[in-house]
Amino acid sequence: YRNRGIGRILLEEAMRRVDELGTPVIHVQVPSDSKVCHHLLESVGFSSVRTYSLMRWKGDRVPSVSIPPGFQIGAFRTDQDEEPLTKLQNDVFGASWGFCSNTVDDIKSKLRLKTCDPDGVIIATYNGRMAGYNWTFSAVGSSDSIGWIGMTGVHPDYRGHGLGKAVALAGMKFLARKEINLIELEVDDQNIKAKGIYCSIGFSTTQRRLWYELIS
């Protein structure tokens, strides 16, 4: 059904709905090599504003985890950690491009997704305070064994200790215990430090994706 204008109709309907909601900014992500998508978006006023890398790790052995001194790493505790995780995520990503502050209900909803196992939300603490985390997901009902790292974050107060690498590896270890040997993630190309961490533990870029933006 391509080349019949259906994509344009769907996009314009989505834009109309966003206008009804009073939302001033629309973001759309497309593969960097999709010229058709680029042309469609640009023809209705979108501009390319960000590039993300899709990164992939594949293997049978996850590198060993080295936990920085003074930190503890464990799993998310249901009915206990929802509020502190919400606060941590907002503190970590509050100034990041495209991030909207989360509520406790947002976090609870994500934890109920079929692809999410609360035990796969890895939490790092320091003296009882939540310091960092790694949020993993895995495929459901698929013959492919694949997992994803959705978020990796370290509170500004605890950066510079190697905690980001530690929680990322802990998340990978969790997925590996589920016999998952293919892990993917997305990272902003402007986040040089995060990309460096992922490269250092065996991830490599397989595709680039562009974010387009329209401000009403």
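Just so you know, these numbers come straight off a predicted model, no measurement behind them.

(A) Main features of the pattern of salt bridges. Summed over the entire model, instances satisfying the criterion amount to 11 salt bridges. The partner of Glu-13 in a salt bridge is Arg-16, with the nearest N and O atoms 2.4 Å apart. Taken together, the positions of Glu-13 and Arg-16, both in helix α1 (residues 6-21) and three residues apart, correspond to about one turn of that helix. The class of Arg-16 is partly exposed, set by a relative accessible area of 39%. Residues Arg-16 and Glu-20 are paired through a salt bridge, measuring 2.2 Å at the closest nitrogen-oxygen approach. Of this pair, Arg-16 and Glu-20 both sit in helix α1, four residues apart, which is roughly one turn of the helix. Among the charged side chains, a salt-bridge network with shared partners connects Glu-13, Arg-16, Arg-17 and Glu-20.

(B) Expanded view of the state of the cysteines. Overall, the coordinates contain zero disulfides when judged by the stated rule. No disulfide involves Cys-116; its nearest neighbouring cysteine sulfur is the one of Cys-100, lying 20 Å away. According to the relative accessible area criterion, Cys-116 is buried, its value standing at 10%.

Criteria and thresholds
Residues numbered from 1 in each chain as written. Predicted model: local features only at pLDDT ≥ 70, side-chain atom pairs only at ≥ 80, totals over all residues. Heavy atoms only, no water. Salt bridge = Lys/Arg side-chain N within 4 Å of Asp/Glu carboxyl O. Helix = DSSP H or I, 4+ residues; strand = E, 2+ residues; numbered from the N terminus. Buried < 20%, exposed > 50% of the residue type's maximum accessible area, 1.4 Å probe, protein only. Disulfide = S-S within 2.5 Å.

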